[in-house]
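Secondary and tertiary structure notes
The residues making up each chain are set out below.
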There are 2 protein chains.
Amino acid sequence: MLHLMRTNIALAARRFTGVATPQIKEEVSKLLELKAQLGDENVGSQKLLLKTPKGTRDYNPEQMALRLSAMDKIVAIFRKHGAETIDTPIFELKEVLTGKYGEDSKLIYDLKDQGGEILALRYDLTVPFARYLAMNKITNIKRYHIAKVYRRDNPAMTKGRYREFYQCDFDIAGQYDPMLPDSECLRIIYEALKSLNLGPFTIKVNHRCLLDGIFATCGVPQEKFRSICSAVDKLDKSPWEEVKKEMVEEKGLDEKIADRIGTYVSKSGGRDLVEELRKDADLLKQPSAVEGINSMELLLKYCEIFKIMDNLVFDLSLARGLDYYTGVIFEAVLTGDNIGVGSVAGGGRYDNLVGMFDPKNKNVPCVGMSLGIERIFSVLETSIANRGMKTRTTEVQVFVATAQKNLHEERMLILAELWEANIKAEQSYKKSPKLLAQLQHCEEYGIPLAIIVGEGELKRGEVTLRNVKTREEASIPRANLVEELKKKLDTFDLSAVH
Amino acid sequence: MLHLMRTNIALAARRFTGVATPQIKEEVSKLLELKAQLGDENVGSQKLLLKTPKGTRDYNPEQMALRLSAMDKIVAIFRKHGAETIDTPIFELKEVLTGKYGEDSKLIYDLKDQGGEILALRYDLTVPFARYLAMNKITNIKRYHIAKVYRRDNPAMTKGRYREFYQCDFDIAGQYDPMLPDSECLRIIYEALKSLNLGPFTIKVNHRCLLDGIFATCGVPQEKFRSICSAVDKLDKSPWEEVKKEMVEEKGLDEKIADRIGTYVSKSGGRDLVEELRKDADLLKQPSAVEGINSMELLLKYCEIFKIMDNLVFDLSLARGLDYYTGVIFEAVLTGDNIGVGSVAGGGRYDNLVGMFDPKNKNVPCVGMSLGIERIFSVLETSIANRGMKTRTTEVQVFVATAQKNLHEERMLILAELWEANIKAEQSYKKSPKLLAQLQHCEEYGIPLAIIVGEGELKRGEVTLRNVKTREEASIPRANLVEELKKKLDTFDLSAVH
């Protein structure tokens, strides 16, 4: 509406200037003043329209090609592990989201009340998943879900923080034996990060019960567990001194208690750390610590069987922000060239979330993980750019070109044959395009082969087959075109980058 | 909040009933009255939460598997024709959508004004595409876009009309020679419908200019072209007599004019119809009719080259609802068992839409089509159900089972090997599951092979390989497991239905 107002004022101003009596001039200047007050440089044009909403973006063909190829790899891993997929609406009843995200609830996008239900855009995929399980009384499922979620956060687009972004979740729900699903989640993170070629990485693992046990051992009052846990969570970004300061000064923790926590959360290792903790008599007095240690021992044993211990660290400083975790927690970080990007996967066990939706609070134990797919995308984009490569945006194998005018019907006859034979092929939509333009198109799009149709060749029953990269050309019989092409295509590496 | 209030009142009421002094009883009855005023049967339970918003639904694993396999086929066709893909945000600035959908604008979902921009959920994929082209000054692109769109329509879920649904669009934008992109769109519809195995179908084609020419010839006043066009559009669902009645009684058209229209719109054919129209001296007086006839002649010639004439009808009754079409229009319908489902594809040329977003009204000519993917899904679902088939929801090739207790670590060792070899495999997450339950899982999910691990076999260095369907079993050496499995898997048809 404001925009329309601006346009109208500008139009009126223009109309008035044509006549220009003193009175009109005065009116015009008043209008121009009003226009200036509206404070926009684009008044009178439609430029205002030409943007995406704050914190969102379009994905162009190159970005989409990269995203789809990364998602394909991830989905292939999920499917290798027998996952099904589901989808849920982009919005939920507002009540479904209420009370699940603590103070982050202010970041939820609400829909306008247009009569009827009060709705909000989903904030993650986990809460809709829990709602889905409770609603359909599903007690076990192994599912992945890749979709967009919405957060009215302060966008930092240079850091890859958007208001609309993909999440990529895998979860196992069901009442099972300890650590069997949990260890498979870790194996999946391992396989996914390997298959994406992101360089070296480490998966940190810890257990919420162990953390609780440590806090109790150190003398943290029960009511401060959560806030101290969220302070520990900052250890991946801040040095211990700062975290300690937060504990003592902001959260009122006794300094000695903080120091005791400090000696614990600096520890990391493998099964040796389990042994060390087993010798800690104070710790063993806390049932929750014992539970955590036993669980970690079992988990690490399973991870050894799954051959992922080289990439795993049992890290007592890992805390994870979300409130709903109840058991194992984990987080993966890149450790090579991309060490600064933050975590690229994370998750844990949340046994009580589904119960929040069930009329009888019946729980379905869950463990799951989310790949930080937007961060993974930026790492891949940078890596492709650094290597001077380009992502192919189409899969065209053969471009059908002409060297002379008005041979488009010959091209179309060939195309119909190629398409029928399932060969990916295209042409220019101009009747008489320039040969150079056609070949440039092939180079730009990484199309490996071109068929060049010419009058002379056609009379001889031939067409020219050109290798776009090497520029080699050869005559092949028009009648055997499909056969010859298929042979030739088998020799190409039709990968997604070129 | 209302919901919480109800819960609290109900809880309070229950607590009070336990003590039951007269005064409390009175309080209770007041509370129960309040509760009744709130008018909900589910007071006290959380059942309210357990639904998706009106007109939306979750897609369960079976529905998703079917959708993904259909989408894969469609995407493969789009890619065979060299299409790129893009994505745009789920919401747009409200202004982008304003003035594009006529009276259907009331069906747009608005977001709540939470400070900042005024946003609305996208209503289709075409307007965001036009905005994308104008915003990025793109003058030519061939792209597909499969994504969800939102309409606050009166949902008729039994008829497959939802408020959130997929659209599946392919468009060619650019200044090209007549009918070259248009005919390829028709070829793509042809290929897509063939590859989806939907049975026999017909693609109806017509031209907006020809319709305008016919209206002019018959004497329809210029200002009634649109409304008469939208009456003609109903001929696929209503008999001529009804459509005529609408023209005459509702739209005030002279009966004689309506009858003249009737003689035209009853015509359909192929290139013969072009010849017939060429002999109509009255019609040829209208430049727009001549343009339409010439275009159709060229289009049909190209469609012959593309070998799709067997499925094409030049149908003068095809009008298409949308205002923005400027040239060729088309629509595909199923003609076999699924004759009643309505159109499964539609589209046309829209040369002026992008200009609505350009500050200088610079146009980018476009032609494109949308597959009626939700209808296609229902046809496929019905067809699978009718054949007594089930859609596989996972791709698991091998289930690793145990016949005895506590062999889960042996299973996990095998799984790690299989996953490493890229074999899709899973197990029960229970340490000692029953063999019968494991085999039932295989049958339920259509998993073709099971490896059964037993103590005796392991001692002999063997495992049992079981064909789930035939129940045949064979011992294979544990050491050659991967190799043997790969050989065996090559002999299976791992299709998506079973």
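These numbers come from a predicted model, not from an experiment.

1. Here we look at the domain arrangement of chain A
Taken as a whole, chain A is organised into domain 1 (61-386) and domain 2 (398-491). If you average the C-alpha positions of domain 1 of chain A and of domain 2 of chain A, the two centres end up 52 Å apart.

2. Description of unusual backbone geometry
Of note in the backbone geometry, A:Asn197 takes a positive phi value of approximately 55° without being a glycine. Within the fold, A:Asn197 resides in the loop between helix H6 (180-195) and strand S6 (201-207). On the basis of relative accessible area, A:Asn197 is assigned to the exposed category, the value being 64%. The backbone of B:Lys307 shows a phi angle near 60°, a positive value even though the residue is not glycine. Looking at the secondary structure, you find B:Lys307 in the loop between helix H13 (287-305) and strand S8 (312-315).

3. Focus: the pairing of S6(A)
Residue and element names in this part refer to chain A. With respect to burial, S6 is a largely interior element, seven of its seven residues being buried. Burial along S6 is two-sided: Phe201, Ile203, Val205 and His207 and Thr202, Lys204 and Asn206, pointing in opposite directions, are all buried. As paired strands, S6 and strand S8 (residues 312-315) are joined by three bridges and run parallel to one another. Within S8, the residue paired with Lys204 across the bridge is Val313.

4. A few points about the UniProt feature "binding site: L-histidine" (unreviewed entry) in chain A
Residue and element names in this part refer to chain A. Mapped onto this numbering, the UniProt entry gives "binding site: L-histidine" (unreviewed entry) at Asp124, Leu125, Thr126, Arg151, Gln167, Asp171, Arg320, Tyr324 and Tyr325. As for its position among the elements, Arg320 is in the loop between S8 and strand S9 (328-334). Setting aside its immediate chain neighbours within four residues, Arg320 contacts Arg208, Asp233, Tyr325, Ile329, Phe330, Glu331, Gly346 and Gly347. Position of Tyr325 relative to the elements: it lies in the loop between S8 and S9. Judged by its relative accessible area of 7%, Tyr325 is buried.

5. Observations regarding the packing of aromatic side chains
Residue and element names in this part refer to chain A. Counted by the stated rule, this structure contains 24 aromatic pairs over all chains. With a centroid separation of 6.5 Å and an interplanar angle of 80°, the aromatic rings of Tyr109 and Tyr150 are classed as edge-to-face. Residue Tyr109 is found in the loop between helix H4 (94-97) and strand S3 (119-121), and its partner Tyr150 is found in strand S4 (residues 141-150); the two are separated by 41 residues along the sequence. Residue Tyr109 is classed as buried on the basis of its relative accessible area, which comes to 2%. A relative accessible area of 0% means that Tyr150 is categorised as buried. The structure contains a cluster of three or more aromatic residues connected by ring pairs, namely Phe78, Tyr144 and Phe170.

6. Focus: the interface of chain A and chain B
Facing the 99 residues of chain A at the interface are 99 residues of chain B. Between chain A and chain B the total buried area reaches about 9100 Å² when both faces are included, carbon and sulfur atoms providing 59% of it. Looking at the side of chain A facing chain B, the largest losses of area belong to A:Lys80, A:Trp419 and A:Tyr429, adding up to 10% of the total buried there. Where chain A meets chain B, there are 16 salt bridges. Linking chain A with chain B are 50 residue pairs in polar contact (both at pLDDT 80 or more), by the criterion used here. With eight residues, helix H15 (residues 408-420) of chain A is the largest single contributor of residues to the side of chain A that touches chain B.

7. Digging into helix H11 (residues 271-278) of chain B
All names here are of chain B. Turning to H11, its buried residues are Leu273, Val274 and Leu277. Viewed end-on, H11 has its buried residues packed into an arc of 105°, placing them on one side of the element. Where H11 is buried, its residues contact helix H7 (208-218), strand S7 (268-269), helix H12 (281-284), H13 and S8.

8. A short note on the nonpolar core
Proteins that are soluble and globular tend to have nonpolar side chains buried together. In terms of nonpolar packing, the biggest core is built from 280 residues, with A:Ile261 and B:Ile261 touching the most fellow members. The contacts of B:Ile261, once residues within four sequence positions are left out, are B:Phe215, B:Cys218, B:Val220, B:Ile228, B:Val232, B:Trp240, B:Met247 and B:Leu253.

9. Remarks on the pattern of salt bridges
Applying the stated rule across the entire model yields 68 salt bridges over all chains. Here A:Asp58 and B:Arg131 are joined by a salt bridge, their closest N and O atoms 2.7 Å apart. On the criterion of chain membership, the pair formed by A:Asp58 in the loop between helix H2 (22-38) and helix H3 (61-80) and B:Arg131 in helix H5 (residues 126-135) is interchain, its members lying in two chains. Like A:Asp58, the residue B:Arg131 is buried in the burial classification. Here B:Glu191 and B:Lys80 are joined by a salt bridge, their closest N and O atoms 3.1 Å apart. Taken together, the positions of B:Glu191 in helix H6 (residues 180-195) and B:Lys80 in helix H3 (residues 61-80) put the pair 111 residues apart, joining distant regions of the chain. Its relative accessible area of 5% is what places B:Glu191 among the buried residues.

About the thresholds
- Residues numbered from 1 in each chain as written.
- Chains lettered and ligands numbered in written order.
- Predicted model: local features only at pLDDT ≥ 70, side-chain atom pairs only at ≥ 80, totals over all residues.
- Heavy atoms only, no water.
- Domains from an automatic or database assignment.
- Helix = DSSP H or I, 4+ residues; strand = E, 2+ residues; numbered from the N terminus.
- Buried < 20%, exposed > 50% of the residue type's maximum accessible area, 1.4 Å probe, protein only.
- Pairing = 2+ DSSP bridges.
- UniProt positions renumbered as here; feature names shortened; annotations may be inferred.
- Contact = heavy atoms within 4.5 Å.
- Phe/Tyr/Trp six-rings, centres within 6.5 Å; stacked < 30°, edge-to-face > 60°.
- Buried area = accessible area lost by both parts, 1.4 Å probe.
- Salt bridge = Lys/Arg side-chain N within 4 Å of Asp/Glu carboxyl O.
- Polar contact = N/O pair within 3.5 Å; in protein donor to acceptor, adjacent residues only side chain to side chain.
- Arc of directions from axis to C-beta.
- Core = buried A, V, L, I, M, F, W, Y, C linked by side-chain atoms within 4.5 Å.

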